Amino acid sequence: MATASSSSSHPPSSVTHDHDDDEFDEDFDEDDEEDDYYDDDGEHSASPYDEARLEALLRRLTAEDVRIRVHEVAIRGCSRTRRAAVEAAVGPDLARAGTVRDLMRGAAAARDRLRRLGAFDAVSITLDAAPPGVPGSAGAVVILIDVSEARGRAAGDLGVFANTQTRSCSLEGSLKLKNLFGYCETWDASGALQLDQTAELSAGVEIPRIGALPTPLITRISFLSEDWLKSSLKEHLMSVSVGLLSTTNHNLAYNLTWRTLTDLARMSSDSIQEQLGHRLMSSIKYTYKVDLRDSSIRPTRGFAFLSSSQVGGLAPGSKYPRFLRQEFDLRVALPLGVMNAALNTGVAAGVIHQLAKEPTESTSPLRERFYLGGNRSLVCRLGGPSSLSGFKSRGLGATDLETSGSDNSISGASTSPDKNGLGGDIAVTAFADLSFDIPLKPLRDLGIHGHAFVSAGNLARLTECDLRRFSLANFLQTFRSSVGFGVIVPTKLFRVEMNYCHILKQFDHDKGKTGIQFNFLSP
């Protein structure tokens, strides 16, 4: 009997073969001449000679075309999971195997597919002889697939997070249900309520790739209501996202969003007034992502790369102009070999290019522009330019009341009142972060560590379709920058950062502040 289990990568320990074979008889006859071996407890155990001969026999069975016939593939252990879903994941290769070598390859592939479903704690595939009374049982085998279903089907989190930059707190929760209807699907719902600013709800389902499905099926519905930094703008979003392709590194999704933007105080500039009201956004987005870092919370070695391309304004009769949004993000972690220290560096860039040529459609959608600042981790987040320490959310760049004749003089502090940030059509950020263990064993055991960082970034508007009018020299000269250090406390529910941040360079209309920042961030 040959057994392949997901909990072990060792080859099968034994093989049962019913029909007569002179070569096999000669092999086993020689074993009769060997002395029995016993362990320290007096129990019989296989000798090293027996183990070596068994390994050689198994290699011989898989290397040569030893013919077999699969009589039955039996699946055991399914209580909540539908048998059809397991059969689709196993596939037809096992039942069609004609040799031991084909059967071993098919069993390994089937075991891997079952494990990727995420519904089973253990998977075991066993090869046994067919019952003697079955017609044509000579040379026939039965494949037994035993699965152990995961016990916990529901998981949830609930937490309260404080934000010192905006002097507010938020209530965030999530709920995940696994294998609810027996198709190994994952249902999840999440919500966040930030007092006087943001309310966000989303729900989705993911069905893994089974049988005829060419790719996992992912669908998500979300609602967002947001105030822009206590400004006069209020935004409501209703969106539906459908995954068209999802693999380890590739993702293709279609998004349909209904957006409502209102100005309650009627104080916004003409550039924003043009985008008020109801609008329908249709877009398709492709993302390539590879993350080979040893940890996403505190990476010490490896690299990560993300590239996303989005084409928007596809809906017929849409008020949005067609545009192309491209983002890149590269992270590298290098171990330093002392105090578990590691140097993390990263650079991210993004650009929006208008595909429409009409002058009336030269303004990019307000929602799709790039905004820098806010409480985002420099190291953890992988998703394009956005993180810049020491600056408030949407706190970088010109505001709607300063688009003409704004003063770009360098200032150590910002005195501008809260206004609507216009964002940018092109953005670049870069950072370097040095993490290290604190020389106190109780803190090291809890994962508490220190870090020092430097970050820089800039964004700009591209009001013309022709990118050649963009001045690279001026863009580089107006980079904002900040430095700081702090202590990081990682937990299962959130990540606490206590940082002191010093603004090195900002302009009058920026919203940056030197001082202590105490933030609770989702991991």
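Shown above is the structure to which this text applies.
In this report, the structure presented in the accompanying data block is examined. Computed from a prediction, not measured in an experiment: that's the story for all the values here.

Cut-offs applied
Residues numbered from 1 in each chain as written. Predicted model: local features only at pLDDT ≥ 70, side-chain atom pairs only at ≥ 80, totals over all residues. Heavy atoms only, no water. Helix = DSSP H or I, 4+ residues; strand = E, 2+ residues; numbered from the N terminus. Expected span 1.5 Å × (residues − 1). Buried < 20%, exposed > 50% of the residue type's maximum accessible area, 1.4 Å probe, protein only. Arc of directions from axis to C-beta. Core = buried A, V, L, I, M, F, W, Y, C linked by side-chain atoms within 4.5 Å. Contact = heavy atoms within 4.5 Å. Salt bridge = Lys/Arg side-chain N within 4 Å of Asp/Glu carboxyl O. Phe/Tyr/Trp six-rings, centres within 6.5 Å; stacked < 30°, edge-to-face > 60°. Pairing = 2+ DSSP bridges. Patch = residues over 30% accessible without salt bridge, like charges linked within 9 Å, V, L, I, M, F, W, Y side chains within 5 Å. Areas by Shrake-Rupley, 256 points an atom, 1.4 Å probe, with all protein chains shown as cover.

Now for helix α5 (residues 100–116). Compared with an ideal rise of 1.5 Å per residue, which puts 17 residues at 24 Å, α5 spans 25 Å between its outermost C-alpha atoms and is within 8% of the ideal. For α5, the full list of buried residues reads V100, L103, G106, A107, A110, R111 and L114. For α5, the buried positions fall inside an angular range of 135 degrees around the axis, keeping them on one side. For α5, exposure combined with an orientation more than 90 degrees from the buried face picks out R105 and R116. After α5 finishes, the residue G118 shows a positive phi value of roughly 75 degrees.

General note: in soluble globular proteins, nonpolar side chains tend to be found buried as a group. Counting 27 residues, the largest nonpolar core has L103, L114, F120 and I145 as its most contacted members. Looking at this core, the elements that each hand over two or more residues are β4 (69–76), α3 (83–90), α5, β5 (120–129) and β6 (140–149). In terms of residues, this core owes the most to one element, α5, which gives five residues. Non-local contacts of L103, meaning those with residues more than four positions away in its chain, are made with I68, V70, L94, A97, L127, V141 and I143. L388, F391, L396 and L459 belong to the second-largest nonpolar core, a separate cluster that totals 12 residues.

On to the pattern of salt bridges. A pair can form between side chains of opposite charge whenever their charged atoms are brought close. Within the structure shown, the criterion is met by 11 salt bridges. For the salt bridge of R220 with D188, the shortest nitrogen-to-oxygen distance reads 2.4 Å. Taken together, the residues span a long stretch of sequence, with R220 in strand β11 (residues 217–227) and D188 in strand β9 (residues 186–194) at a distance of 32 residues. Judged by relative accessible area, R220 falls into the partly exposed class, the value being 28%. Its relative accessible area of 22% is what places D188 among the partly exposed residues.

With that settled, consider the packing of aromatic side chains. Aromatic ring pairs are reported here in terms of the distance separating the ring centres and the angle at which the planes meet. A full pass over the atoms with the stated rule returns five aromatic pairs. Between Y288 and F305, the aromatic rings sit 6.5 Å apart at their centres with planes inclined by 55 degrees, giving tilted as the arrangement. A residue pair is termed long-range when its members are at least 10 positions apart, and Y288 in strand β14 (residues 277–291) and F305 in strand β15 (residues 302–312) qualify at 17 residues. Taking the relative accessible area as the measure of exposure, Y288 reaches 27% and is therefore partly exposed. We classify F305 as partly exposed; its relative accessible area is 25%. Judged by centre distance (5.6 Å) and plane angle (85 degrees), the ring pair of F475 and F479 falls under edge-to-face. Through a chain of ring-to-ring contacts, the aromatic side chains of Y288, F305 and F328 assemble into a single cluster.

In regular strands, side chains alternate between the two faces of the sheet. Of the two faces of strand β17 (residues 342–354), the one holding A342, N344, G346, A348, G350, I352 and Q354 is buried and the one holding L343, T345, V347, A349, V351 and H353 is not buried anywhere. As defined by bridge partners, strand β16 (residues 323–335) adjoins β17 across 13 bridges and the pair is classed as antiparallel. Looking at the pairing, E327 lines up with G350 of β17. Linkage of β16 to β17, two consecutive antiparallel strands, is achieved through a turn of six residues, within which G337 is found at a positive phi near 85 degrees. Bridge count for β17 against strand β18 (residues 426–437) is 10 bridges, and the pairing is antiparallel. Counterpart to V351 in the pairing with β18 is I426.

To continue, consider the environment of V205. If you trace the backbone, V205 turns up in strand β10 (residues 198–207). The spacing of V205 and L177 is 28 residues in sequence and 9.4 Å in space, taken between C-alpha atoms.

Take a nonpolar patch on the surface next. A contiguous nonpolar surface patch, about 740 Å² in accessible area, is contributed by I221, M238, V240, L244, L245, Y254, L256, W258 and L280. Elements represented by at least two residues in the nonpolar patch include exactly β12 (233–246) and β13 (250–263). For the nonpolar patch, the element with the highest residue contribution is β12, accounting for four residues. Relative accessible area serves as the criterion here: at 33%, L245 is assigned to the partly exposed category.

Here the focus is unusual backbone geometry. Phi at N179 is positive, roughly 60 degrees, even though this residue is not glycine. Unlike most non-glycine residues, C184 shows phi in positive territory, near 60 degrees. Position of C184 relative to the elements: it lies in the loop between β8 (168–178) and β9. Under the relative-accessibility criterion, C184 is labelled buried at 1%.

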